[in-house]
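Coordinate analysis (summary)
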Amino acid sequence: MMTRRELEAQERRSLAPYAIHASDSRGRPHREPEHPYRTCFQRDHDRIIHSTAFRRLEYKTQVFVIHEGDYYRTRLTHSLEVAQIAETIARALRLNIDLARSIALAHDLGHGPFGHSGEDALRELMEGHGGFDHNLQALRIVDLLEQRYPSFPGLNLTQELREGLNKHRRSLPGSAKPPPSNLGLEAQVVDLADEIAYDHHDLDDGLTSGLILEEEVGKIPIWRQARREALKRGPATRPEIRRYQVIRFLINWRVTDLIRESERRIRKSGIRKPSHAQATRERTIASSPEVEGLRAPLKRFLNERLYRHPRVVRMADKAQRLLAELFRAYLRKPEQLPDTTRRRLSKEDPYRVVCDYIAGMTDRYATEEYRKLFDPSERV
Ligand code: MG
């Protein structure tokens, strides 16, 4: 049997000195014995996969609400795509793949139902009560809300994983020190893998839905360039294969550029330890200025034509109204909440309790609950 110690020794031989090594982990908020044949980050990964919040990602929206079609990305498939891209980059840069993959799978755990419109609704409702931010909510889930162990709340993930989720560098509950000025390299990788994943799958889903058209996308320079290059490798007659080849080419282009540019920055800044990367203000993991310049018009296009498409906006607005009404109904009559949630009310701000409950809902559950509470003909 391959032991944990052997796995850790393998990491010391194969990872770069600036990678976060499992054997250097600062441990978990609650002390636990180490596992005989899994490293601490492999164990984090397994805990995330088995969590309730992870399973619920399947029925949470990315851009398209779940009932609009089976084809589109959900938060679960998005997270898997982010993990795939992050792994490729981490491997090429000799960073810790287990840590990068785990951060990627957990990075969206804190999203409520209905994507960003859901987050906007909760932020507004929580004004004056501590606000709402999906990154911090992911930390609340892994630190407090998942109930799995008899002697502590949460999943008790490593400090490195928790820090990786703290994208905006806020002071974390339970830690005396302010967070370092930058994310570790593995978390920086995930941040950009996230961007590469959603740029391209939103483009793909947007085209599939017919909300944006290939003729319009064809005017964006990065798409035009990728299309030319992709088709050089073999003409495709079917439009969906052609489109897939362009998107495939774009992702590979962005990932390759990111690896090269990051490697250049690592060399230039002389980073030799994980703490060096966390102390520099500037991101070490980055795209080249050339690719950033090419990406800008694509980003603008998606903002204007897809994220603000009348159909997307109508659904987003409906979702916000639905969540606001649920929120107010629970606050008015907390007896409608399930037992475990209601029990928290005597000790905590009712707004936070209701917010946690709603943020945990899937799109599907929130919609059903709304029907049950507001449609007189529905069973309660
Ligand atoms: Mg994401």
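Values in this document were obtained by computation on a predicted structure and should not be read as measured data.

**Things to note about the pattern of salt bridges**
- Considering all chains together, one arrives at 36 salt bridges under this definition.
- Residue Glu32 pairs with Arg47 through a salt bridge whose shortest N-O separation is 3.0 Å. Remark: Arg47 occurs in helix α2 (residues 40-49) and Glu32 occurs in the loop between α1 (4-14) and α2; sequence separation between them is 15 residues.
- Judged by its relative accessible area of 9%, Arg47 is buried.
- We note a salt bridge from Arg265 to Glu261, for which the minimum N-O separation is 3.0 Å.

**What to know about the packing of aromatic side chains**
- Within this structure, the stated rule accounts for five aromatic pairs.
- Pairing Phe327 with Tyr351 gives two aromatic rings, centres 5.8 Å apart and planes at 55°, and the pair type is tilted. Here the residue Phe327 occupies a position in helix α15 (residues 310-332), and Tyr351 occupies one in helix α17 (residues 350-359), the gap between them amounting to 24 residues.
- Looking at Phe327, the relative accessible area reads 1%, which means it is buried.
- Here Tyr351 falls in the partly exposed class, since its relative accessible area comes to 27%.
- Where Tyr330 meets Tyr357, the ring centres are 5.5 Å apart and the plane angle is 70°; that geometry is what we call edge-to-face. Highlighted residues: Tyr330 in helix α15 and Tyr357 in helix α17, separated in sequence by 27 residues. Accessibility assignment for this pair places Tyr330 and Tyr357 in one class, buried.

**Here we look at the domain arrangement of the protein chain**
- Domain annotation for the protein chain reports domain 1 (4-311) and domain 2 (316-374).
- Between domain 1 and domain 2, the C-alpha centre-to-centre distance is 28 Å.
- Contact with domain 1, which involves 24 residues of that partner, is made by 24 residues of domain 2.
- When the two sides are added together, the surface that domain 1 and domain 2 hide from each other amounts to roughly 2,100 Å², 63% of it contributed by carbon and sulfur.
- Of all residues in domain 1, Tyr59, Phe114 and Leu125 bury the most surface against domain 2, accounting for 28% of the area lost on that side.
- In this structure, the connection of domain 1 to domain 2 is made through one salt bridge.
- Asp356 is the partner of Arg140 in a salt bridge, and the nearest nitrogen-oxygen pair spans 2.6 Å.
- Broken down by secondary-structure element, the contributors of at least two residues to the side of domain 1 that touches domain 2 are α6 (115-125) and α7 (134-145).
- Per-element accounting of the side of domain 1 that touches domain 2 gives the leading share, six residues, to α6.

**Some words on the coordination of the magnesium ion**
- Distances from the magnesium ion to its protein donors, namely His78 (NE2), His107 (NE2), Asp108 (OD) and Asp194 (OD), fall within the range 2.2 to 2.6 Å.
- Between consecutive donor residues of the magnesium ion, the sequence gaps follow H-x28-H-D-x85-D. Separated by 87 residues along the polypeptide, His107 in the loop between α5 (97-106) and α6 and Asp194 in helix α9 (residues 185-209) bring together distant segments of the chain. A single burial state applies to His107 and to Asp194, both of which are buried.

**Brief notes about the side chain of Ser209**
- You can see Ser209 is positioned in helix α9.
- Under the relative-accessibility criterion, Ser209 is labelled buried at 16%.
- Within the local environment of Ser209, its side chain forms a polar contact with the backbone oxygen of Gly206, the two atoms lying 2.7 Å apart.

**Notes on unusual backbone geometry**
- One non-glycine residue, Arg94, lies in positive phi territory at about 60°.
- Phi at Asn156 takes a positive value of approximately 50°, unusual for a residue other than glycine.
- Mapped onto the elements, Asn156 comes out in the loop between α7 and α8 (159-165).

**Details of the nonpolar core**
- One finds Ile48, Ile89, Leu95, Leu109 and Ile285 to be the most contacted residues of the largest nonpolar core, which totals 53 residues.
- When contributions to this core are tallied by element, the ones reaching two or more residues are α2, α3 (52-56), α4 (75-92), α5, α7, α8, α9 and α12 (239-269).
- Of all the elements, α9 adds the most residues to this core, at eight residues.
- Filtering out sequence-adjacent residues up to four positions away, Leu109 remains in contact with Ile48, Ala53, Phe54, Leu57, Ala138, Ile141 and Val142.

The rules we used
- Residues numbered from 1 in each chain as written.
- Predicted model: local features only at pLDDT ≥ 70, side-chain atom pairs only at ≥ 80, totals over all residues.
- Heavy atoms only, no water.
- Salt bridge = Lys/Arg side-chain N within 4 Å of Asp/Glu carboxyl O.
- Helix = DSSP H or I, 4+ residues; strand = E, 2+ residues; numbered from the N terminus.
- Buried < 20%, exposed > 50% of the residue type's maximum accessible area, 1.4 Å probe, protein only.
- Phe/Tyr/Trp six-rings, centres within 6.5 Å; stacked < 30°, edge-to-face > 60°.
- Domains from an automatic or database assignment.
- Contact = heavy atoms within 4.5 Å.
- Buried area = accessible area lost by both parts, 1.4 Å probe.
- Donors = N, O, S within 2.8 Å, 3.2 Å for Na, K, Ca; no water.
- Polar contact = N/O pair within 3.5 Å; in protein donor to acceptor, adjacent residues only side chain to side chain.
- Core = buried A, V, L, I, M, F, W, Y, C linked by side-chain atoms within 4.5 Å.

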